[in-house]
Amino acid sequence: MAGSKRTRMTPEARRLQLIEEGLAMATDRPLDQVSVEAVAEAVGVSRALIFHYFDTKQDFHVAMAREQSHRMLQATEPDFTLGDPIEVLRGTIRGFVDFVTDNRSLYLALMRGSASSDPAMQAVFDETRTVMVRRTFANVQLVGLEPTPLVELAINGWIAFAEDVTIRWLTDATVTRDELLELITVALPSLGAIAGKMSGADTSAMSLS
């Protein structure tokens, strides 16, 4: 223990260590109960050192949310080696559902708890959604759609839908995981086909087979 406390780390490594410890604690307690004192004790540093990296407890929680967002985006990165566009989409949704399932407590706290009303937290959510929308929008031509503003709007709505039904499933799993995955997966091509038709695009390639 004493040796680990004397371990010298780069500022970047120490900051990440503090965030990772906070994320680990958030798996079994509410976010507002993840205190800087507990994190400092767990990693063997002083409380003052944490405030060298984060101005306030809120800043620390926001940093946790940003790291969690980064990890989720990595977990949901499309795998184009799967070939079929619908299989690529299924893989992305599988990554999303499995990630939030593994990080259930923190995800629910950030999406539905008191943290969700914090402007800084909301900015993290918005940035994450923006990346997810842009990533999906950049590949709509793979499923026979033109990247029109209406299609982009439909993708925004689909992201919100995926988040909401996943949260409901986490709190009350009345359907199986596979049924949830399929529901979210088929929703995007359906919305995209409608938006594409309204935009005058050819939707003949939109197939779930």
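One structure accompanies this document, and this report is about it. Since we're looking at a predicted model, the values are computed, not measured.

About the cut-offs
- Residues numbered from 1 in each chain as written.
- Predicted model: local features only at pLDDT ≥ 70, side-chain atom pairs only at ≥ 80, totals over all residues.
- Heavy atoms only, no water.
- Axes fitted to C-alpha atoms, helices over the stretch in contact; angles between N-to-C directions.
- Helix = DSSP H or I, 4+ residues; strand = E, 2+ residues; numbered from the N terminus.
- Parallel < 35°, antiparallel > 145°, perpendicular 65-115°, else oblique.
- Contact = heavy atoms within 4.5 Å.
- Nonpolar A, V, L, I, M, F, W, Y, C, P; charged D, E, K, R; others polar.
- Phe/Tyr/Trp six-rings, centres within 6.5 Å; stacked < 30°, edge-to-face > 60°.
- Buried < 20%, exposed > 50% of the residue type's maximum accessible area, 1.4 Å probe, protein only.
- Expected span 1.5 Å × (residues − 1).
- Polar contact = N/O pair within 3.5 Å; in protein donor to acceptor, adjacent residues only side chain to side chain.
- Core = buried A, V, L, I, M, F, W, Y, C linked by side-chain atoms within 4.5 Å.

With their axes 9 Å apart at the nearest point, helix 2 (residues 11-25) and helix 5 (residues 57-75) run at an angle of 85° to one another. With respect to helix 5, the axis of helix 2 lies roughly perpendicular. Between helix 2, through Arg-15, Leu-16, Leu-18, Ile-19, Glu-20, Gly-22 and Leu-23, and helix 5, the contact on the second element is made entirely by Phe-60, Ala-63, Met-64, Glu-67, Gln-68 and Arg-71. Here the residues of the contact of helix 2 with helix 5 are counted per class, giving seven nonpolar, two polar and four charged.

Now for the packing of aromatic side chains. The full count for this structure, using the stated rule, is two aromatic pairs. With a centroid separation of 6.2 Å and an interplanar angle of 80°, the aromatic rings of Phe-96 and Tyr-107 are classed as edge-to-face. Placement of Phe-96 in helix 6 (residues 85-102) and of Tyr-107 in helix 7 (residues 104-112) is noted, with a sequence separation of eleven residues between them. Both residues of the pair, Phe-96 and Tyr-107, belong to the buried class.

Glancing now at the side chain of His-61. Here His-61 shows up in helix 5. Aside from chain neighbours lying at most four places away, what touches His-61 is Leu-31, Asp-32, Val-34 and Met-121.

What follows concerns helix 8 (residues 119-137). Owing to its 3.6 residues per turn, the α-helix brings residues three or four apart onto one side. Taking 1.5 Å per residue as the helical rise, helix 8 with its 19 residues ought to reach 27 Å, and the 26 Å between its terminal C-alpha atoms agrees with that figure. Every buried residue of helix 8 is accounted for by Met-121, Val-124, Phe-125, Thr-128, Met-132, Val-133, Arg-135 and Phe-137.

This brings us to the environment of Glu-37. By the secondary structure assignment, Glu-37 is in helix 3 (residues 36-43). Residues Glu-37 and Lys-57, 20 residues apart in the sequence, show an inter-C-alpha distance of 9.9 Å. At 2.6 Å, the side chain of Glu-37 forms a polar contact with the side chain of Arg-47.

This part is about the nonpolar core. Nonpolar side chains in soluble globular proteins tend to be buried together. Residues Val-97, Ile-155, Trp-158 and Ile-184 are the most contacted members of the largest nonpolar core, which totals 32 residues. Sorting the residues of this core by element identifies helix 5, helix 6, helix 7, helix 8, helix 9 (149-171) and helix 10 (177-198) as the ones contributing at least two each. Counting residues per element, this core draws most heavily on helix 9, which supplies ten residues. Residues within four places of Val-97 in sequence aside, it is in contact with Thr-166, Trp-169, Leu-180, Leu-181 and Ile-184. Core analysis: the next-biggest nonpolar cluster, separate from the first, contains 25 residues, Leu-18, Val-39, Ala-109 and Met-121 among them.

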